[in-house]
Amino acid sequence: MQLVVLPGDGIGPEIAAVTEAVLGAVSQRFQLGIATTHDIAGQASIARYGKAVRPELVEQVRAADGLLLGPTSTLDYAGEPGPSAVFRKALDLFANIRPARTYPGLPGRLGTMDLVVVRENTEGFYADRNMAHGNADILVTEDVAIAIRKITRQGSARIARAGFELAMRRARRHVTLVHKANVLTTSDGLFLAACREVAREFPEVTVEEIIVDAMVAHLVRNPARFDVIVTTNMFGDIISDLTAEMSGSLGMGGSLNAGARHAMAQAAHGSAPDIAGRDLANPMSLVLSAAQLLEWHGRASGQPRFGEAARAIEAAVAACLEAGERTHDVGGSQGTREVGAALVRRLAA
Ligand code: NAD
């Protein structure tokens, strides 16, 4: 498996180093033959090349089997599209899959839960990727700004299909469609209509529809009732930070950006400048994202041992949490590197 590694900004290099060590351990144990190529994107690339992502880097990633991208400080790029947006758009990574679960050693802030947010990743309000040309975040006059939200039938149908297919691989087979069709009657009405049509192809999956504002209340009240949550871009971005934090910490938030042919592992959170460079970051978010990438690659290439490696990583994460080998954000006292060493030790055993 050819993997491109871009460590990113802030805590990115710290958690990417741990993740690479974990991938090295499973590559050896499960004979995965993972070969990594290192490059730069984000602040380091802006400093060296004047661009957050060079066009030739996009081509290099397109030719590889997967991308591991550390979090990036997009807010500081002064309008320059960040690496996440560039790769999501260029590689058409339309499905952002963000699991949030509790573990026996980490019971969660509001009770046990095991759910997955399936977020549309290329349309919606995300002005950096929802237009073929130009930017949909527009200054009309010095005092008037508008943003355009794009919802398409095809984009809605393909994220719904990703959600229903995922639900079919899970025990409960339940999908919750989250929307705001009571106010955004046309755009979210179209989203819902497209999802309902896809739902008819999956009679074994039970479906419910919940308006986004009520959804956050339901999540806090009883997260255990949810299985797969399918929603549009911005709702999914916000809900998935909530569910990651409810599961214990944003630092547990794994995330895969997947398209028909390409996939990018990238933690759900940002570059956490408040803790960067201090060995405080929880590496499990990016480690779990990498496990998702292995699972995806195994399924796409018909090689079950990649799925076995993914499950071994998840088991090592669970064992570390149970044994108290954790960072501060999840109630532990270990540093990023120490947790990384504990994960590698368990995977090498
Ligand atoms: P953030 O997600 O970086 O941090 C929010 C809080 O969570 C902070 O207190 C941080 O310390 C904590 N946190 C995040 N990851 C953690 C981890 N692994 N371990 C322990 N604690 C963790 O959000 P922010 O501060 O609003 O954004 C910082 C930068 O990241 C901004 O430039 C933003 O644009 C960017 N960002 C990038 C992505 C991405 O690369 N996909 C996503 C979100 C934000």
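Here the structure is shown first, and the text comes after it.
Residues numbered from 1 in each chain as written. Predicted model: local features only at pLDDT ≥ 70, side-chain atom pairs only at ≥ 80, totals over all residues. Heavy atoms only, no water.

## Some details on the site of the ligand
Right, on to step 1. Near the ligand you find 21 residues, and of these Thr72, Gly270, Ala272, Asp274 and Asn282 are the closest.
Right, on to step 2. Threonine 74 is positioned such that a nitrogen or oxygen atom in its backbone is 3.3 Å from an oxygen atom of the ligand.
Right, on to step 3. Between the ligand and the protein, one listed contact pairs an oxygen atom with a backbone N or O atom of alanine 272 at 2.8 Å.
Right, on to step 4. Relative to its unbound accessible area of 810 Å², the ligand is 71% covered by the protein chains.
Right, on to step 5. Of the residues in the shell around the ligand, the class split is eight nonpolar, 11 polar and two charged. (Near = heavy atom within 4 Å. Polar contact = N/O pair within 3.5 Å; in protein donor to acceptor, adjacent residues only side chain to side chain. Areas by Shrake-Rupley, 256 points an atom, 1.4 Å probe, with all protein chains shown as cover. Nonpolar A, V, L, I, M, F, W, Y, C, P; charged D, E, K, R; others polar.)

## Remarks on the pattern of salt bridges
Right, on to step 1. Inspection of every chain in the model, using the stated rule, returns 19 salt bridges.
Right, on to step 2. Ionic pairing is found between aspartate 227 and arginine 170, a salt bridge with its closest N-O pair at 2.7 Å. Linking aspartate 227 in the loop between α7 (212-221) and β10 (228-231) with arginine 170 in the loop between α5 (153-168) and β8 (174-179), this pair joins segments that are 57 residues apart in sequence. For the pair shown, aspartate 227 and arginine 170 are each scored as buried.
Right, on to step 3. For glutamate 209, the salt bridge identified is with arginine 196, shortest N-O distance 2.7 Å. Of this pair, glutamate 209 sits in strand β9 (residues 206-211) while arginine 196 sits in helix α6 (residues 187-199), placing them 13 residues apart in sequence.
Right, on to step 4. In this structure glutamate 209 comes out as partly exposed when scored by relative accessible area, which is 36%.
Right, on to step 5. Look at the salt bridges and you will find they share partners, linking Asp39, Arg54 and Glu56 into a network. (Salt bridge = Lys/Arg side-chain N within 4 Å of Asp/Glu carboxyl O. Helix = DSSP H or I, 4+ residues; strand = E, 2+ residues; numbered from the N terminus. Buried < 20%, exposed > 50% of the residue type's maximum accessible area, 1.4 Å probe, protein only.)

## Structural notes on a nonpolar patch on the surface
Right, on to step 1. Judged by side-chain polarity, Phe125, Met234 and Ile238 come together as a nonpolar surface patch covering roughly 260 Å² of accessible area.
Right, on to step 2. Mapped onto the elements of the fold, phenylalanine 125 is located in the loop between β5 (114-120) and β6 (137-141).
Right, on to step 3. In this structure phenylalanine 125 comes out as partly exposed when scored by relative accessible area, which is 34%. (Patch = residues over 30% accessible without salt bridge, like charges linked within 9 Å, V, L, I, M, F, W, Y side chains within 5 Å.)

## Some points on the pairing of β5
Right, on to step 1. The buried count for β5 comes to six of seven residues, which makes it a mostly enclosed element.
Right, on to step 2. With seven bridges connecting them, strand β4 (residues 95-101) and β5 associate as antiparallel partners. Residue pairing across strands places isoleucine 97 opposite valine 118, the latter belonging to β5.
Right, on to step 3. As paired elements, β5 and β10 share four bridges and run parallel to each other. (Pairing = 2+ DSSP bridges.)

## As for the side chain of arginine 149
Right, on to step 1. Relative to the elements of secondary structure, arginine 149 occurs in the loop between β7 (144-147) and α5.
Right, on to step 2. At 2.9 Å, the side chain of arginine 149 and the side chain of serine 187 are in polar contact.
Right, on to step 3. At 2.6 Å, the side chain of arginine 149 and the side chain of aspartate 188 are in polar contact.
Right, on to step 4. For arginine 149, the residues in contact, after removing those within four places along its chain, are Gly124, Phe125, Leu184, Ser187, Asp188, Thr232 and Phe235. (Contact = heavy atoms within 4.5 Å.)

## Here we look at the pairing of β9
Right, on to step 1. Direction of pairing for β8 relative to β9: parallel, over a ladder of six bridges. In the strand pairing of β9, threonine 176 is matched with glutamate 208.
Right, on to step 2. In this view, the connection linking β8 to its parallel neighbour β9 by way of α6 has right-handed handedness. (Right-handed = clockwise from strand over helix to strand, strands pointing away.)

## Regarding the nonpolar core
In summary, soluble globular proteins display a tendency toward joint burial of nonpolar side chains.
Right, on to step 1. Residues Val26, Met252, Leu294, Val317 and Leu343 are the most contacted members of the largest nonpolar core, which totals 48 residues.
Right, on to step 2. Elements with a minimum of two residues in this core: β1 (2-6), α1 (12-29), β11 (256-258), β12 (263-265), α9 (284-301), α10 (304-322) and α11 (336-348).
Right, on to step 3. Sequence-distant contacts of leucine 343, defined by excluding residues within four places in its chain, comprise Val18, Val22, Val287, Ala316, Val317 and Cys320.
Right, on to step 4. Listed in part, the 26 residues of the second largest apolar core include Phe94, Phe164, Val175 and Leu192. (Core = buried A, V, L, I, M, F, W, Y, C linked by side-chain atoms within 4.5 Å.)

## Let's talk about the sheet that holds strand β2 (residues 35-38)
Neighbouring strands of a sheet are bound in pairs by backbone hydrogen bonds; such pairs are parallel or else antiparallel.
Right, on to step 1. Reading across from one edge, β2-β1-β3-β12-β11-β4-β5-β10-β8-β9 is the order of the 10 strands in this open sheet, with mixed pairing throughout. Taken across any chain shown, the strands that pair with only one partner, and hence form the sheet edges, are β2 and β9. Taking the axes of each pair of neighbouring strands and ignoring which way they run, one obtains an average angle of 25° across the sheet.
Right, on to step 2. Relative to β8, α6 is tilted by about 165°, and along the sheet it contacts β8, β9 and β10. (Axes fitted to C-alpha atoms, helices over the stretch in contact; angles between N-to-C directions.)

## Notes on the packing of helix α3 (residues 55-63) against helix α4 (residues 83-90)
Packed helix pairs are specified by the crossing angle of their axes together with the interaxial distance, meaning the distance between the axes.
Right, on to step 1. Viewed as axis vectors pointing N to C, α3 and α4 meet at an angle of 55°, and their least axial separation amounts to 11 Å. One way to sum up the angle between α3 and α4 is to call them oblique. Crossing hand, α3 versus α4: right-handed. Residue-level inspection shows Leu57, Val58, Val61 and Arg62 of α3 in contact with α4, the latter providing Val86, Phe87 and Ala90.
Right, on to step 2. When its residues are assigned to classes, the contact of α3 with α4 shows six nonpolar, no polar and one charged. (Parallel < 35°, antiparallel > 145°, perpendicular 65-115°, else oblique. Left-handed = near helix turned anticlockwise from the far one by under 90°.)

## With respect to the packing of aromatic side chains
Ring pairs (aromatic) are described by centroid distance and by the angle formed between their planes.
Right, on to step 1. Inspection of the entire model under this criterion finds one aromatic pair.
Right, on to step 2. Above the ring of tyrosine 49, the side-chain terminus of arginine 54 is found at 4.4 Å from the ring centroid. (Phe/Tyr/Trp six-rings, centres within 6.5 Å; stacked < 30°, edge-to-face > 60°. Lys NZ or Arg CZ within 6 Å of the ring centre and 35° of its normal.)

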